[in-house]
Amino acid sequence: MSSSPVSSPGAAPYYYVPGPSRWPLLAGLSMLVTMAGASGWVNSMSWAPPVCLAGIVAMLVVLYFWFGDAIRESESGLYGKRIDLSYRWSMSWFIFSEVMFFGAFFGALFYARAISMPWLADLDHQILWPDFSAQWGNTGPAHIVDGFRTMGPFPIPTINTALLLTSGVTLTIAHHALRAGHRGKTAFWLAATILLGAVFMGFQVYEYMHAYRDLNLKLTSGIYGSTFFMLTGFHGFHVTMGAIMLAVILYRVMKGHFTADNHFGFEGAAWYWHFVDVVWLGLYVVVYWL
C-alpha cells in the first residue's frame with residue numbers, strides 16, 4: 001500500500017492527527033477530584049461524598065464532549081483505514097487489560113480454595129484450629145466470621161446466564177443486519193440486547209438483596225463473601241458499562257451513523273459485550289457451581 005496521502009475527493013488523509021485538546025487535561029483533573037473524594041469517603045470525611053460525586057459527574061461530562069468530538073471527526077470522513085486499525089488495536093489492548101483485571105480476582109479465588117484452605121487444614125495446623133474444615137464457604141479457622149449460607153446456581157444465576165447468552169445472539173443478529181444495510185432491524189436487535197442486559201442487572205440486584213437478607217452473605221463474610229461480591233460486583237459494573245455503550249451505539253444508529261463497511265464503533269462495543277459474556281460463563285461455573 002502506498003505511503004502517500006489519499007488524494008481522491010472526500011477521502012480521509014493518510015493519518016488524521018487532531019489539534020491540541022483540553023479534554024485529556026480535564027479528564028485527569030476529574031479523576032483526581034474523584035479519587036480525592038473517594039479516599040476521604042472511606043475515611044468518613046463529611047466533605048468527601050459530594051466531592052467524589054462531583055468528580056464523577058465532571059468525568060461523565062468530559063467523556064460526553066470528548067467522544068462527541070471523535071464521532072464528529074469520524075462522520076465527517078476524517079478517519080481512514082489506519083485510524084480504524086488504531087482503534088481496533090486500542091480496543092484489543094483495552095479488553096486484554098480487562099482480562100488481566102478479572103484474572104487477578106479469579107487467581108485470588110483459586111489461591112484461597114486450592115492452596116490456602118488445604119494448607120490451613122493440614123495436620124500441622126490441627127493443633128491451632130482443630131475444628132477447621134477445608135470446605136469452601138467456611139467461617140475461617142478462628143470462626144470470627146458470622147455464619148452464612150453460600151449462593152447456589154439456581155434459579156437466578158442460571159436465568160442470568162440464559163439472559164447473557166441470548167443477548168450475545170441478539171447482538172450478533174444486529175451486527176449482521178448492519179452489515180446488510182438493514183438499519184431498522186439493527187436498531188431493534190440492539191434494543192433487545194440492551195433490554196436483556198438491564199433485566200440481568202435487575203436480577204443481580206435482587207440476588208444481592210437475597211444474599212444480605214436471607215443468607216447473611218455479605219462482603220465481610222470471609223474470603224468467600226469478598227471474592228463472591230468482588231467478582232460478581234465488578235462483572236455487574238461491566239455489564240452496566242457495556243449496556244451504556246450499546247445505548248450510545250443505538251442512538252447513533254437511529255441518527256443515521258455507520259455504514260455497512262464502516263462501523264467500528266458498533267464492533268468495539270460488541271467486542272466488549274461478548275467479553276463480558278465470556279467472563280460471566282467462567283464466573284458462573286467457578287463461583288456458583290464449584
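Everything numeric in this text was worked out from a predicted model, so none of it was measured.

J.: Which residues make up the overall build of the protein chain, and what are the values?
T.: Along its length, the protein chain carries seven helices and zero strands. Helices (α) and strands (β) of the protein chain occur, in sequence order from the N terminus, as α-α-α-α-α-α-α. Counting all 290 residues of the protein chain, 37% fall into the buried class. Element-wise, carbon and sulfur atoms account for 71% of the exposed surface of the protein chain, whose accessible area totals about 16600 Å².

J.: How would you sum up the domain arrangement of the protein chain? Please name residues and give values.
T.: The assigned domain composition of the protein chain is domain 1 (20-78) and domain 2 (81-289). Distance from the C-alpha centre of domain 1 to the C-alpha centre of domain 2: 25 Å.

J.: Describe the side chain of Asp-277, and please don't skip the residues or the numbers.
T.: Checked against the element boundaries, Asp-277 lands in helix H7 (residues 264-289). Arg-179 is the oppositely charged side chain nearest to the buried, salt-bridge-free Asp-277, at an N-O distance of 17 Å. Here Asp-277 is in contact with Leu-164, Ser-167 and Gly-168, once residues within four sequence places are set aside.

J.: Requested: an account of a nonpolar patch on the surface, with residues and values cited.
T.: A grouping of Leu-85, Trp-89, Trp-93, Phe-96, Val-99 and Met-100 is seen on the molecular surface, where their side chains present a nonpolar patch of about 660 Å² in accessible area. With respect to the helices and strands, Leu-85 occurs in helix H3 (residues 81-120).

J.: Tell me about the pattern of salt bridges, and please be specific about residues and values.
T.: This model, assessed by the stated rule, comprises five salt bridges. Across the salt bridge formed by Arg-88 and Asp-84, the nearest N and O atoms sit 2.6 Å from each other. Linking Arg-88 with Asp-84, this pair stays in helix H3, spanning four residues, or about one helical turn. With its nearest N and O atoms 2.6 Å apart, the salt bridge here joins Glu-267 to Arg-88. With a gap of 179 residues between them, Glu-267 in helix H7 and Arg-88 in helix H3 connect regions that are remote in the sequence.

J.: Before we move on, could you go through the UniProt feature "transmembrane region" (unreviewed entry) in the protein chain and cite the residues and values that matter?
T.: Under the local residue numbering, the UniProt record ascribes the feature "transmembrane region" (unreviewed entry) to residues 47-68, 89-112, 154-174, 186-206, 226-251 and 271-289. The straight-line gap between the two end C-alpha atoms of residues 89-112 is 35 Å; of that span, 100% is helix and 0% is strand. Annotated as 90% helix and 0% strand, the span residues 154-174 places its first and last C-alpha atoms 30 Å apart.

J.: Before we move on, can you summarise the nonpolar core with the specific residues and values?
T.: Most often, soluble globular proteins have nonpolar side chains that are buried together. Judged by nonpolar contacts, the single largest core of 49 residues is most densely connected at Met-151, Leu-190, Leu-217, Phe-228, Phe-266 and Tyr-288. The set of elements that each furnish at least two residues to this core consists of H3, helix H4 (156-179), helix H5 (183-213), helix H6 (222-254) and H7. With 14 residues, H7 is the largest single contributor of residues to this core. In this view, Leu-217 contacts Phe-148, Arg-149, Met-151, Ala-211, Tyr-212, Tyr-224, Gly-225, Phe-228 and Phe-229; residues no more than four positions away in its chain are not counted.

About the criteria used
- Residues numbered from 1 in each chain as written.
- Predicted model: local features only at pLDDT ≥ 70, side-chain atom pairs only at ≥ 80, totals over all residues.
- Heavy atoms only, no water.
- Helix = DSSP H or I, 4+ residues; strand = E, 2+ residues; numbered from the N terminus.
- Buried < 20%, exposed > 50% of the residue type's maximum accessible area, 1.4 Å probe, protein only.
- Areas by Shrake-Rupley, 256 points an atom, 1.4 Å probe, with all protein chains shown as cover.
- Domains from an automatic or database assignment.
- Lys, Arg positive; Asp, Glu negative; His and termini not counted.
- Salt bridge = Lys/Arg side-chain N within 4 Å of Asp/Glu carboxyl O.
- Contact = heavy atoms within 4.5 Å.
- Patch = residues over 30% accessible without salt bridge, like charges linked within 9 Å, V, L, I, M, F, W, Y side chains within 5 Å.
- UniProt positions renumbered as here; feature names shortened; annotations may be inferred.
- Core = buried A, V, L, I, M, F, W, Y, C linked by side-chain atoms within 4.5 Å.

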